[in-house]
Amino acid sequence: MIFNLLKNFRRKPQQEGIINTSPTIIPRAEHAVSRDDISDRALKVLYRLHKAGYQAYLVGGGVRDILLGLHPKDFDVATDARPEEVKSLFGNCRLIGRRFRLAHVYFGREIIEVATFRASHDQGEGASEGGVSEGGQILRDNVFGTLEDDAWRRDFTINALYYNIADFSLVDYTGGMDDLNNRIIRIIGDASTRFQEDPVRMLRAARFAAKLGFQLEEGLGECIIELADRMANVPAARLFDEVLKIFHTGHALASFDIMRELGLFGYLFGQTQALLESDDPYTEDFLRIALGNTDRRIAEKKPVNPAFLFAAFLWGPVKKRADQLLEQDGMTELQALQIAGNEVLSAQLRQVSIPKRFSFPMREIWTMQARLPRRNGKRAWRLLEQARFRAAYDFMLVRNQAGEPLQELADWWTEFQEASAAERSELIKKVGGRSPRRRRKPRKAKTASTH
Ligand code: ATP
Ligand code: MG
């Protein structure tokens, strides 16, 4: 009972501004975070800040994941040193970000992110530093604050645990330790306000629920369903990284389910969502197989490629459009896939931006679907040499598994890859015939060339 009261008291009301809450300090001997679990680079950054007289804490996913016995992907450091002060301590440091000014300390490929303690946007003295749009969305979030302020402006309680390098204790302002033990995702402050401030937090709630297998606190799911349409305000550029974090960290299938349950998926892939709502089960079957494969590859520590992931998410709409084009205009399958691919991609870019280094190979994966059946002459050999061949082949296997009649083609390509040169020639002979000429529409009367 008292415990419950205390817990409620801990939930800092948003509107009252700064009130003092005392944190729970969990000493070194009573928690499971050990320096062995923290990367040497992150420790180096923490120690250097500490030696220079600043406060330095490990925070966020690093602490959360270590406590759960997982291996953190990255380490985030929070400090009272200002970004410029951090920069002057580390030669290998760059200040980045407009919305959040952060210091990135580089060690080869590893980046340690160092953030100065920040307060909630509504605690800034001048309107120039913090700002909220009419819809309640945070525009700038650069008001420096104390450790306590920093804890209360984080998203979920399990993400607001601080590991103090000065005495190796854990600092818990928001009740994150209890929630971690009870496997609950609890938002800090009022859910509706916090989701409206930054709708990406809804995606993050779904992602952590899928990744950790935690429950959303009571009422949180309903709140997300109600506010899901705020996602439409999130700039497309911010969502590419989020999509990768959701679907490329080994929990793609679980994330897909929870995102759909919460009504969020359509704000990432609207065209695909429309097909998922239709009677045709193909798109869903295809995606479940593709996402299951992605999870398996990650579990086996095999590489995964964003081009393949996005090609898979958009395949349903591309195929549907290509089928329509083929019926209407009598064009070749390759042309239909090219046009459909371009149309679907340009609509998609309004929701989630996809860098060109991924959208080019993504379109190649689609158009190669029309090339894989054409194996005569030198074609099969040439396809095999293409950089995107393996991805296109894997993609075709998923289509086959999802019910497209491609078994023979799939078996042929599987055999062809494993065969010797002589066997390959035999396989090509089996395909039969000379390479078919591309069907062209009969030309009308000769017109002047436009080229
Ligand atoms: P992971 O790195 O496993 O994806 P994470 O929790 O570390 O998870 P990051 O994106 O690295 O996620 O963010 C680090 C920390 O910054 C979070 O743990 C959280 O405390 C805070 N944070 C990140 N995004 C937001 C947000 N949109 N609103 C409030 N706090 C956030
Ligand atoms: Mg992190």
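Could you give an account of the packing of helix α10 (residues 236–247) against helix α14 (residues 306–329), with specific residues and numbers?
Any two packed helices are characterised by the angle at which their axes cross and by the distance between the axes. Between α10 and α14, whose axes approach to 11 Å, the crossing angle comes to 90 degrees. Overall, the two elements α10 and α14 adopt an arrangement that is roughly perpendicular. Where α10 abuts α14, its residues F240, V243, L244 and F247 lie against P306, L309, F310 and F313. Among the residues forming the contact of α10 with α14, the class breakdown is eight nonpolar, no polar and no charged.

An account of the side chain of H31 is requested, with residue identities and associated values reported.
Mapped onto the elements, H31 comes out in the loop between β1 (24–26) and α2 (40–51). Residue classification places H31 among the buried residues on the basis of a relative accessible area of 11%. Here F168 takes part through its backbone oxygen, which lies 2.8 Å from a polar atom of the side chain of H31. Not counting residues within four places of it along the chain, the set of residues in contact with H31 comprises I26, Y163, F168, S169 and L170.

I'd like a rundown of the site of ligand 1, residues and numbers included.
Around ligand 1, a shell composed of 18 residues is seen, among which G61, R64, D198, R201 and R207 lie nearest. In this structure, D76 approaches ligand 1 through a side-chain N or O atom, which is 3.3 Å from an oxygen atom. One nitrogen or oxygen atom from the side chain of K211 is found 3.4 Å from an oxygen atom belonging to ligand 1. For the shell around ligand 1, a count of residues per class yields one nonpolar, three polar and 14 charged.

Hey, could you go over a negative patch on the surface for me, with residue numbers and the actual values?
A surface patch of negative charge is lined by E408, D411, E415, E418 and E423. Sorting elements by how many residues they give to the negative patch places helix α19 (residues 407–418) first, with four residues. One can find E418 in helix α19. Classification of E418 by relative accessible area gives exposed; the value is 66%.

An account of the nonpolar core is needed here, citing residue identities and associated values.
Among the nonpolar cores identified, the biggest contains 105 residues, and F247, L264, L268 and F310 are the most heavily contacted of them. Element by element, the count of residues in this core is highest for α14, at 12 residues. In this structure, this core is formed jointly by two domains, domain 1 (8–189) and domain 2 (286–430), each of which donates at least three residues. Excluding its chain neighbours within four sequence positions, the residues that come into contact with L264 are M202, L203, A206, I224, A228, M231 and M259. Y393, L406, W413 and I428 belong to the second-largest nonpolar core, a separate cluster that totals 17 residues.

So what about helix α13 (residues 282–299)? Which residues, and what values?
Between the first and last C-alpha of α13 there are 26 Å, a value that for 18 residues agrees with the 26 Å anticipated at 1.5 Å per step. Buried within α13 are the following residues: Y282, T283, F286, L287, I289, A290, L291, G292, T294 and D295. In this structure, the buried residues of α13 make contact with α10, α11 (252–261), α12 (270–276), α14 and α18 (389–401). Note on α13: the residue one or two positions beyond its end, K301, has a positive phi of about 60 degrees.

Here is what the cut-offs are and how they apply
Residues numbered from 1 in each chain as written. Chains lettered and ligands numbered in written order. Predicted model: local features only at pLDDT ≥ 70, side-chain atom pairs only at ≥ 80, totals over all residues. Heavy atoms only, no water. Axes fitted to C-alpha atoms, helices over the stretch in contact; angles between N-to-C directions. Helix = DSSP H or I, 4+ residues; strand = E, 2+ residues; numbered from the N terminus. Parallel < 35°, antiparallel > 145°, perpendicular 65-115°, else oblique. Contact = heavy atoms within 4.5 Å. Nonpolar A, V, L, I, M, F, W, Y, C, P; charged D, E, K, R; others polar. Buried < 20%, exposed > 50% of the residue type's maximum accessible area, 1.4 Å probe, protein only. Polar contact = N/O pair within 3.5 Å; in protein donor to acceptor, adjacent residues only side chain to side chain. Near = heavy atom within 4 Å. Patch = residues over 30% accessible without salt bridge, like charges linked within 9 Å, V, L, I, M, F, W, Y side chains within 5 Å. Areas by Shrake-Rupley, 256 points an atom, 1.4 Å probe, with all protein chains shown as cover. Salt bridge = Lys/Arg side-chain N within 4 Å of Asp/Glu carboxyl O. Lys, Arg positive; Asp, Glu negative; His and termini not counted. Charge placed at Lys NZ, Arg CZ, Asp CG, Glu CD. Core = buried A, V, L, I, M, F, W, Y, C linked by side-chain atoms within 4.5 Å. Domains from an automatic or database assignment. Expected span 1.5 Å × (residues − 1).

From the geometry alone we can't say anything about function, so treat these as descriptive.
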